[in-house]
Amino acid sequence: MAHVISNECISCGTCEGECPVGAISQGDGKYEINADTCIDCGACAGACPVGAISEG
Ligand code: SF4
């Protein structure tokens, strides 16, 4: 499994710098998590100001 970013994302970019494995990148209209890279550590979820990141 991997964490996922919902449409609540406001593209602030805060989570990108929190991910220890570089799984987060800016996508089309919102940020996205690469499911193949994500190790499910949860670091990004706590950093999101709008609570858009959850366990997939
Ligand atoms: Fe990166 Fe951890 Fe978030 Fe996965 S759960 S995207 S590894 S910060």
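Our subject is the structure listed above.
Residues numbered from 1 in each chain as written. Predicted model: local features only at pLDDT ≥ 70, side-chain atom pairs only at ≥ 80, totals over all residues. Heavy atoms only, no water.

Q: Can you lay out the overall build of the protein chain for me, pointing to particular residues and giving the numbers?
A: Of regular secondary structure, the protein chain possesses one helix and four strands. Overall, the protein chain shows an N-to-C arrangement of helices and strands of β-β-β-α-β. For the protein chain, the spread of C-alpha atoms along the principal axes amounts to about 25 × 20 × 20 Å. Counting over 56 residues, the protein chain shows a buried share of 29%. Excluding contacts between residues fewer than 6 apart, the proportion of contacts in the protein chain whose partners are at least 24 apart in sequence is 57%. (Helix = DSSP H or I, 4+ residues; strand = E, 2+ residues; numbered from the N terminus. Buried < 20%, exposed > 50% of the residue type's maximum accessible area, 1.4 Å probe, protein only. Contact = heavy atoms within 4.5 Å.)

Q: So, the nonpolar core: which residues are in play, and what are the values?
A: The tendency in soluble globular proteins is for nonpolar side chains to be buried as a group. Counting residues in hydrophobic clusters, the biggest one holds 14 residues, and the most contacted among them are I5, C15, I24, Y31, I33, C44 and I53. Residues within four places of I5 in sequence aside, it is in contact with C15, I24, K30, Y31, E32, I33, A52 and I53. (Core = buried A, V, L, I, M, F, W, Y, C linked by side-chain atoms within 4.5 Å.)

Q: Which residues make up the site of the ligand, and what values go with them?
A: Residues in close proximity to the ligand total 13 residues, the closest being C19, C38, C41, G42 and C44. Of the residues assigned to the shell around the ligand, the class counts are ten nonpolar, two polar and one charged. (Near = heavy atom within 4 Å. Nonpolar A, V, L, I, M, F, W, Y, C, P; charged D, E, K, R; others polar.)

Q: Give me the environment of C44: which residues, what numbers.
A: Looking at where C44 falls in the secondary structure, it is placed in helix 1 (residues 43–47). For the pair C44 and G17, spaced 27 residues apart in the sequence, the C-alpha separation amounts to 8.5 Å.

Q: Please give an account of the side chain of K30 that cites residues and values.
A: As for its placement among the helices and strands, K30 is situated in the loop between strand 2 (24–26) and strand 3 (31–33). E32 is the oppositely charged side chain nearest to the buried, salt-bridge-free K30, at an N-O distance of 5.1 Å. Among the polar contacts made by the side chain of K30, one reaches the main-chain carbonyl oxygen of I5 at a distance of 2.8 Å. In this structure, K30 is in contact with I5, S6, N7, C9 and S11, ignoring residues within four places of it in sequence. (Lys, Arg positive; Asp, Glu negative; His and termini not counted. Salt bridge = Lys/Arg side-chain N within 4 Å of Asp/Glu carboxyl O. Polar contact = N/O pair within 3.5 Å; in protein donor to acceptor, adjacent residues only side chain to side chain.)

Q: Please give an account of the side chain of H3 that cites residues and values.
A: Position of H3 relative to the elements: it lies in strand 1 (residues 3–5). For H3, a relative accessible area of 7% puts it in the buried group. At 2.6 Å, the side chain of H3 forms a polar contact with the side chain of D40. Here H3 is in contact with I33, C38, D40, G42, C44, A45, I53, S54, E55 and G56, once residues within four sequence places are set aside.

Q: Help me get a handle on the environment of V21, residues and values and all.
A: Within the element layout of this structure, V21 appears in the loop between strand 1 and strand 2. Considered as a pair, V21 and C48 are 27 residues apart in the sequence and their alpha carbons are 17 Å apart. Once you skip the residues sitting within four places of it in the chain, V21 turns out to touch T37, C38 and I39.

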